[in-house]
Structures are given as structure tokens and as C-alpha cells.
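Topology and contacts: notes
Chain by chain, the residues:
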Amino acid sequence: MFWIAAVMALSQAANNPGALCRIRVDASQREARPIPRRFFGQFAEHLGTNIYNGQWAQVLRNPGFEGYEYFEDEVEKAQRWYDLPGIADGREQGLACYWLPEGTATYALDGDAFNSKYCQRIAAETSGGIRTPLMLPLHRERRYVFGVYARAARALDCDVSLRVASSGGEVASARLRVPGPSWTECSAELHVADGPQAGELCYLAVTFQGPGTLWLDQAALLPADAKDGLDPDVVRLTKAAGTTLLRFPGGNFASGYHWRDGIGPRDKRVSMLNPAWGGIETNQFGTHEWMAFCEAVGAEPFICVNCGNGTPEEAADWIRYCNEPPDGELGRLRAENGHPEPYGVRFWEVGNELWGDWQVGHCTPEEYAGRYDAFAQAMLAADPSIQLIANGGDGDWNPRLLGAVTQPVRSLSIHRLIGWDVPADADPQDVFLALAGYGTLFDEQLASMQQLMRDHGIAEPKLALTELMSTAHVGPDRSWYNFLEVPYFAGMMNACIRHRDAVELITRTAVVNHGGGLAKVREVTFPEPVHFLSRIYGSMSGRWPVACSVTCPQYDVDVKGLPALSSMPALECMALLNDDGDELTLIVTNRDPRNAYAAAIDLSGFTPTKGAKVRTLAAPPTAINTWDNPDQVALAEGTADAAPTFDHTFPPGAFTEIVLARKPS
């Protein structure tokens, strides 16, 4: 509940805000340590449509023609969420999941596959084939490349086509020649004619004239603009956010992932059950694909090794594969797989959330300490220059872990996914206030972890915030991806800036379709509200905090499922100079979603030019961008007059950046 006294105080402040709000900045008091560039990170995980039909541009949902045992939990969601109807209709006929009958053929999942468990067999006396529902990124590309491994009892000519589902009209076609009974890689280009638009349901069909039998395996349909198989919109928007660090491969997925499954020619990689989340893992996106994404975005790679059911030797070999020169055994293998130069991955996390009973390889702190010792010895022997991060946890995990390890621990990970227990009918404005102020509690948590590490003889303790997301699902859409993520992320980022002596890196949640700031629906990628906050932090010139104080009203808030807060300032401000000292950035969060506040801003040690650049991110707490309304929340850019003392009004629940240029002396 939001306390009545707090409402009254905030309302009074809104009626007379100038008398109550003041921001004082002394730019002459510059702090000694800049904001680390590794604060602007994210991670990816083989979860839902984060990688496949997310970062990865290939659009087919079951490219390997695998059976329903991989898709039991996915079929209903795909029909409901992704508007892919009828994807289970071929089950009783012997068709792979997502594939439907065409013509009068008979079908079977055949174990004599080119790769993995099954291939699709199609036998037709007259005409037959298969089709699959899909969406295409037609907003940017109308050329597509279809590839498939095929064989036939006798030589066959196959027609490949794209059709509009609503009318059945064909919008692209090509011919494939299958020469005979040996598996052959076949490909065709499809040019979509004018007509269908992005988000429109289409079908890809492969048909042939009988009599004949055709086997298909390892298919792919990629837009022609997908360099290295990556979605160019995801690359563009991730780069625009100023992303500097990218963690892979998760997340829970890391605890059961064996990196050798994801290297080498993609058509030779075996599909299998996703060990963490269920569903299929095609292994089409592995180490090299991740590194290509990092390079395209301009971000540093950061890897979390399998400490769940993996071995120290496996982790050490992954380091050698990434970092060894090409004259070493694993460096030579990397070169054979297309990348002679070492990747030079510096940061390595030893497992993910091994304290959690949902984790593959869940264990006690003492058991993890033994694993950490063995992994650390093997990994540092593979490359002494790397930086290791151990699994930190809550409760008594950290003291028990630090009391049991024998190898040095330089850094502990922190995960903060806050809001699971917030009732769905909670007042979104109250939740906003609680999430916005959580960063002040995180200050205390960071200080406590630092002290604990010092107490265990770690002279320069480091902390790594490797997962960060609000999970409160309130409001009409019950979404995790609404504007509530903005105040939470802002408060957590500011807490880390205050503790940047210890916090060495931040990787927020998963890049696409999992709280990282991007949504991809019907193969169209668009920003979620928190993306714009990431863009402000990632692109701001300010790196050196300076003295800043705020006088403003305070509030109390108590929401079930979140910590209660009292005497919480309604405004939070950080002030930062750029490297040259000629630009001053103010980042101000109005934690109150109900009221705007005008504040008198006093500058000392910095005389600005008259004009200031302003970027503002403001929306109701449950506002969300959707496929049919992707611009409901967006970044507003403008200007403002500036002087050594000037006024500015901060909208309700807004995050505001004010950039001031120093007046030449």
C-alpha cells in the first residue's frame, strides 16, 4: 500500500514544487574513478525466442524436421503468441512439428536422417509436399535464401514457394533439383513480389510431382540481408544502445551447455533437448555466431562456463579454443572453423546460479567451492590473463562459499530479478515507487558484500551484476516489459555507479524477448521502454561523477513482494563530466509517477552555454510497446535554456538527461 501521508506530501510538492526541490552540482569536485565502460552490457540465452527467431535471423521454427517430443511445451504458445495456426495438425500423419501436409502424400519421420534424430519422408503417387507457417521481415527485405539437405528415390524437381496464408496466393517461387538417393545440399533464392506486408502470415511450401519419395533435413530460410545469420535490426538497435559487453550463453542454459556442440559446420551440428528450458536446441548458434554478434555490435564477449554438469577440462578447453594462437591444438581447430585470430575473451564466469534448485548441477556452497577450486586451477592454467567471476548468492551462500574455497576469489556475481511475488492486481503506481527506490537498498547490499569479501582477506573485492531485470507483472497486459523496468534499472545503475570501486561490470537480461529492451514479434524487431534508458546510459558522454545533492519531498511505500521503503527522495540525480571536462550531464529520475516536479538547479564550478540538450523518457507505469503500437513509449529529444542557476520541470515518473556545454572562458 502507498501511505496516505506520502501521497499528501508529494501532492503538496507538486502544487508548489519550486519551493521544495533543488539540485546542487559542484563540478569542481570530480571523483577519482570514472564509470567503467563494462557497465553497459547485456546477455543472451537459449531461452524462448531470445536466440532463435530473435538474434538469429533464420525464420523456420523446426528447420531440422524433428519430432514433437521437443516441442510439447511450445506448440500451444506458438499458436497463441506467434499467430502460427495449425502447427500441430500434421502430428497424426507423420509430419514434423510446425510442418503441414500438401497434396495427397503420405508422411513419416524417418530415423535415417542427414543429421540429428529425424528427417521428413514424403511419398506421393501424383503430387505432394509439405508447408510450414511463418512470418517474414518484409519491412526491410524481400529476398530470401532457402537451403535444405534432400535426397530422393529417383531424381526429382521440387517447387519451393512462398504463399500468403489469407488468400493462398503465391508471391515467390523457385525450383530445386534433387539428383538422387544421396544426401545433397540444395538451395534456391526466393524474391517476394509486391503485396504481402510485414507481420502477414505466409507459408513456405516444398512440393513435387509423383510418383516419387523425397527426404528432407536441415532446412533454413534466411533473409538476404542477414550477415553471418544475424538479424540486422537486432544488431542495429543493440549497437544504438551503446552495448559494450555481452554475456553468453546464459543464464540457466549455461549449466547444461557443452560448447563443442555449437562449433564446426552448422549443418553437422546435432539438435537436442534444451537442458534448462525444454524444447529444441538446434545448436545453430554457438561460439562463432556469438562472437560475430559481439563484433557486429562492437561489444566485448564475456562467457559463462558450464559448472553444472561440465568439467574443469571442458571449461579450460573452451578458453583455449577462444584465446589460443592458431598454432595450438584448439587454436588450430578454431582456425579450421573460420577464425584464425584468437578472440581474446577476458572475463569468464564459473557457472550460473548453482545455488538454485532449478539449476542443472545445483549444489551447496561447500560443493560449489570445491568445483570453483578445480575450475579456477584448470581455467587459469589455460590462460593466466583471464579474469574469473565466482557465483555469488543470497542468504548464507557467500560466507559459506568464501569460508570453503582454497583458490583466490577475486569477484562474485550478483543476480537481481526483482518482483516475482508482486500481486498482479497491485497498484502499478505503488509498484513504480517501490522499484524506483530499490537501488538505495542495493547500495547497502553492495557495501555488505564488499565488507564480507574484505573480511575473508580479499583486499580489492570485485562484484559483477550479471543478471538484472524487474519481473513484476502488473497492469492490463501483465507484462514484464513495460515502463516499470525503467525506474528499476535507473536506480540499480545509479547504485552501481556509486559503488564503481567494486562493481566491475553489468550485463542486463537477455537481448531479445526477455527484458533486455528489444521485442521481436512476427519477425519485426522494435524497442521496449527500457531500451531507451539503456541508450541514454550507453551513449552519454558523462563518465566522471561530480558532487551532487538533491532537496525534494520524500515518500514511504510498502508493496507486497517488494521491500518496504521509507523517507525515499522523490528525485534522484547523478551529475557527470565527460573526459575533457567541457560537458556536464545531469541524469534525473522522478520516482513519483503521479506528480511532476520543478527544481531549481544550481551549478558550481561549471558555467554553461545558454542552450542545453535534453532527452526525456516518460510514460505511465504499465505503458508498453507492441507490434501494432511500437512507438507508444519513445525517447523525446529537445532543448532547454541553461545558466549557472536555472529551473527545469521533471514529468511524472520520467527519466531525464540534461547535457550542458561549458562556456568558453
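Residues numbered from 1 in each chain as written. Predicted model: local features only at pLDDT ≥ 70, side-chain atom pairs only at ≥ 80, totals over all residues. Heavy atoms only, no water.

Once that is clear, we can look at the layout of surface pockets. For the second largest pocket, the calculated volume is near 700 Å³. Looking at the second largest pocket, it is lined by 33 residues, and the ones nearest its centre are Glu 353, Trp 355, Trp 358, Leu 417 and Trp 420. At the level of elements, helix 8 (397–404), strand 19 (411–418) and helix 9 (428–455) are the ones that each hand at least two residues to the lining of the second largest pocket. Counting residues per element, the lining of the second largest pocket draws most heavily on strand 19, at six residues. Looking at the lining of the second largest pocket residue by residue, the classes come out as 14 nonpolar, 11 polar and eight charged. (1 Å grid on protein atoms, 1.4 Å probe; cavity = no way out; pocket = protein on both sides within 12 Å on 5 of 7 lines; lining within 4 Å. Points joined across faces, edges and corners; volume = space filled by probe spheres on them. Helix = DSSP H or I, 4+ residues; strand = E, 2+ residues; numbered from the N terminus. Nonpolar A, V, L, I, M, F, W, Y, C, P; charged D, E, K, R; others polar.)

Moving on to the nonpolar core. Ranked by size, the top nonpolar core spans 114 residues in total, and within it Trp 348, Tyr 368, Met 379, Val 431 and Tyr 537 carry the most contacts. Ranked by residues supplied to this core, first place goes to helix 9 with 11 residues. With near-sequence residues (within four places) excluded, Met 379 lies in contact with Val 305, Ala 315, Ala 316, Ile 319, Trp 348, Val 350, Ile 386 and Leu 388. Formed by 53 residues, the second largest nonpolar core is a distinct cluster that contains Tyr 68, Ile 122, Val 160 and Val 171. (Core = buried A, V, L, I, M, F, W, Y, C linked by side-chain atoms within 4.5 Å. Buried < 20%, exposed > 50% of the residue type's maximum accessible area, 1.4 Å probe, protein only. Contact = heavy atoms within 4.5 Å.)

Following the criterion strictly, the structure yields five cavities of 30 Å³ or more and no others. Elements supplying a minimum of two residues to the lining of the largest cavity: strand 2 (41–43), helix 10 (485–498) and helix 11 (529–539).

In this section: the sheet that holds strand 6 (residues 127–134). The antiparallel open sheet is built from five strands, whose spatial order is 3-6-11-8-9. Each edge of the sheet is formed by a strand with only one pairing partner; in this case those strands are strand 3 (100–103) and strand 9 (170–178). Between one strand axis and the next, the sheet turns by 25° as a mean value, whatever way the strands run. (Pairing = 2+ DSSP bridges. Axes fitted to C-alpha atoms, helices over the stretch in contact; angles between N-to-C directions.)

So, on to the pattern of salt bridges. The full count for this structure, using the stated rule, is 36 salt bridges. Taking the shortest distance from any N to any O, the salt bridge between Arg 22 and Asp 602 comes out at 2.9 Å. Here Arg 22, found in strand 1 (residues 22–30), pairs with Asp 602, found in strand 29 (residues 597–604); they are 580 residues apart in sequence, far enough to count as distant. The exposure class of Asp 602 is buried, given its relative accessible area of 18%. Among the ionic pairs, Asp 430 bridges to Arg 594, the shortest N-O distance being 3.0 Å. Taken together, the residues Asp 430 in helix 9 and Arg 594 in the loop between strand 28 (583–590) and strand 29 connect sequence positions 164 residues apart. Residue classification places Arg 594 among the partly exposed residues on the basis of a relative accessible area of 27%. (Salt bridge = Lys/Arg side-chain N within 4 Å of Asp/Glu carboxyl O.)

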